[in-house]
Amino acid sequence: MHLKRYRMPTVQEALARVRAELGPQALVLSTRMVPRRGPAGWFGGREVEITAAADRPHVSENRPADGARPAPRPVDHEIVARLVAAGLDADLARQVLAAVPRAARRAASVPTLRCALAQCLAGTAAGGDDFAPIEVFVGPPGAGKTTTIAKIAAQERALHGRRLGLVSADGYRVGAVEQLRLYADIVGTSFRVVRRPSEMEQVFATPSAVPVLVDTAGRSAGGRAARAIFDLLSGRREVRTHLVVPAASKPADLDRVLEGFGQARPDRVVLTRLDECDSPVPLLTALRERHLSVSYLGTGQRVPEDLARATPPVLAACMLGEELAAAGDLA
Ligand SMILES: Nc1nc2c(ncn2[C@@H]2O[C@H](COP(=O)(O)OP(=O)(O)OP(=O)(O)O)[C@@H](O)[C@H]2O)c(=O)[nH]1
Ligand SMILES: [Mg+2]
């Protein structure tokens, strides 16, 4: 078997090289984003690295050994190969192909594929939903819960002038309450601390005119009181619960986290640290298999810029490895 690694600025260029050198039957074994070589890499430049295999080095189709013109490579196969090279599983790649109009398949552009993929992700991308009266954020320690809440509150204020209420139910970690209080002060919104289930009951008893975002403790920091607050929140009609997980988590990590937070009954998933992740596709594939939908994507530490609502086009762009516009929602 002939094995070769290619580095190019885009997936398309890398695939074109693979096909030219190893032939149309070449198998793409892995695709990942890697730092570029040299100074461009030191300043954060990245490129695609594809590892591909073929039975033997390819004789170029332009110079066939027997002089016969080779059969044209089927366009459909090429589209599926491009999507699989971007990390999509073959099933989803075929669904995307089916969503591309036949007339647009020859030389299908990235926007065409993004649009078709977006149609297939309608059930996974929940970023277009309205707020529930109470939005709760749970997840492992350090996953990005408090930062995500701060970004949402600040974006809502900047875009719609609306001040969402903030509640900290994280009285366990030193400084946690102060962290959210500071963001509430900056955004100019109401802030409340809940340490006991009875105080959470008061939040329900005094309905707010605006949606309320509730921050919780990373689970390992939570004791009996934290579990009692989860019990109180879960299953209520006015509550929507988001599980916050880093995008680089492996599917096995996701299952552990889902088991650990089963009591909170999460309805949505927030993916954070996309900026630190080679590809979110494995985790997104695992979420699709588990019929979970994504609400937000955290793309960095900046508040409020580095957060995007996970709408179908945004999630599709993310799966195809396109740069998400910083603060796309703020534009
Ligand atoms: N690079 C990057 N860092 C992030 C992102 N979201 C959050 N962070 C950083 O991750 C660290 C932890 O974020 P927090 O929001 O405090 O995490 P948390 O889940 O509230 O943590 P606990 O309350 O301790 O459980 C902070 O330094 C954040 O700036 C992201 O999308 N990308
Ligand atoms: Mg926190």
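For the structure, see preceding data.
Computed from a predicted model, the values in this text were never measured in an experiment. (Residues numbered from 1 in each chain as written. Chains lettered and ligands numbered in written order. Predicted model: local features only at pLDDT ≥ 70, side-chain atom pairs only at ≥ 80, totals over all residues. Heavy atoms only, no water.)

Asker: Honestly, the nonpolar core in this entry has me stumped. Any pointers?
Answerer: Side chains of a nonpolar character, in soluble globular proteins, are inclined to be buried together. Counting residues in each nonpolar core, the largest one holds 60 residues, and the members touching the most others are L117, M200 and L271. When neighbours within four sequence positions are excluded, L117 is seen to be in contact with L88, L92, V96, A316, M319 and L320. By size, the runner-up hydrophobic cluster in this structure holds 15 residues, among which are F137, I149, L166 and L307. (Core = buried A, V, L, I, M, F, W, Y, C linked by side-chain atoms within 4.5 Å. Buried < 20%, exposed > 50% of the residue type's maximum accessible area, 1.4 Å probe, protein only. Contact = heavy atoms within 4.5 Å.)

Asker: When you look at the pattern of salt bridges in this model, what are you seeing that I'm missing?
Answerer: Across all of its chains, the model carries 22 salt bridges by this definition. A salt bridge links R240 to E135, with the nearest nitrogen and oxygen atoms 2.9 Å apart. Of the two residues, R240 sits in strand β8 (residues 239-246) while E135 sits in strand β4 (residues 134-138), which places them 105 residues apart along the sequence. Per residue, the accessibility class of R240 equals that of E135, and both read buried. Ionic pairing is found between R273 and E276, a salt bridge with its closest N-O pair at 3.2 Å. For R273, a relative accessible area of 37% puts it in the partly exposed group. Here the salt bridges do not stand alone but share partners, grouping R5, R7, R32, E47 and E49 into one network. (Salt bridge = Lys/Arg side-chain N within 4 Å of Asp/Glu carboxyl O. Helix = DSSP H or I, 4+ residues; strand = E, 2+ residues; numbered from the N terminus.)

Asker: Looking at this structure, I do not really get the site of ligand 1. What am I missing?
Answerer: In the vicinity of ligand 1 there are 21 residues, among which K145, T147, R173, R273 and D275 approach most closely. The backbone of A143 places a nitrogen or oxygen atom 3.1 Å from an oxygen atom of ligand 1. One nitrogen or oxygen atom from the side chain of E276 is found 3.2 Å from a nitrogen atom belonging to ligand 1. In the complex, 85% of the free accessible area of ligand 1, which totals 650 Å², lies under the protein chains. With four residues, the single largest contributor to the shell around ligand 1 is helix α6 (residues 145-160). (Near = heavy atom within 4 Å. Polar contact = N/O pair within 3.5 Å; in protein donor to acceptor, adjacent residues only side chain to side chain. Areas by Shrake-Rupley, 256 points an atom, 1.4 Å probe, with all protein chains shown as cover.)

Asker: Explanation requested: the sheet that holds strand β6 (residues 191-193) in the structure shown.
Answerer: Remark on secondary structure: sheet strands pair via backbone hydrogen bonds, oriented parallel or antiparallel. One open sheet holds the eight strands; their spatial order is β6-β5-β7-β4-β8-β9-β10-β11, and the pairing between them is mixed. Where the open sheet ends on each side, the last strands, each with one partner, are β6 and β11 (307-309). This sheet shows a mean twist of 25° between the axes of neighbouring strands, independent of strand direction. With five bridges connecting them, strand β5 (residues 165-169) and strand β7 (residues 212-216) associate as parallel partners. Considered in β7, the bridge of S168 is made with D215. Running over the sheet, helix α11 (residues 281-289) touches β8, β9 (268-272) and β10 (293-298) and is turned about 175° from β9. (Pairing = 2+ DSSP bridges. Axes fitted to C-alpha atoms, helices over the stretch in contact; angles between N-to-C directions.)

Asker: Is there a simple way to explain the packing of aromatic side chains in this structure?
Answerer: To describe a pair of aromatic rings, one takes the distance between the centres and the angle between the planes. This model, assessed by the stated rule, comprises one aromatic pair. When the ring centre of F204 is taken as reference, the NZ or CZ atom of R236 above it lies at 3.7 Å. Here the guanidinium or amino end of R309 rests over the ring plane of F131, the centre of that ring lying 5.2 Å away. (Phe/Tyr/Trp six-rings, centres within 6.5 Å; stacked < 30°, edge-to-face > 60°. Lys NZ or Arg CZ within 6 Å of the ring centre and 35° of its normal.)

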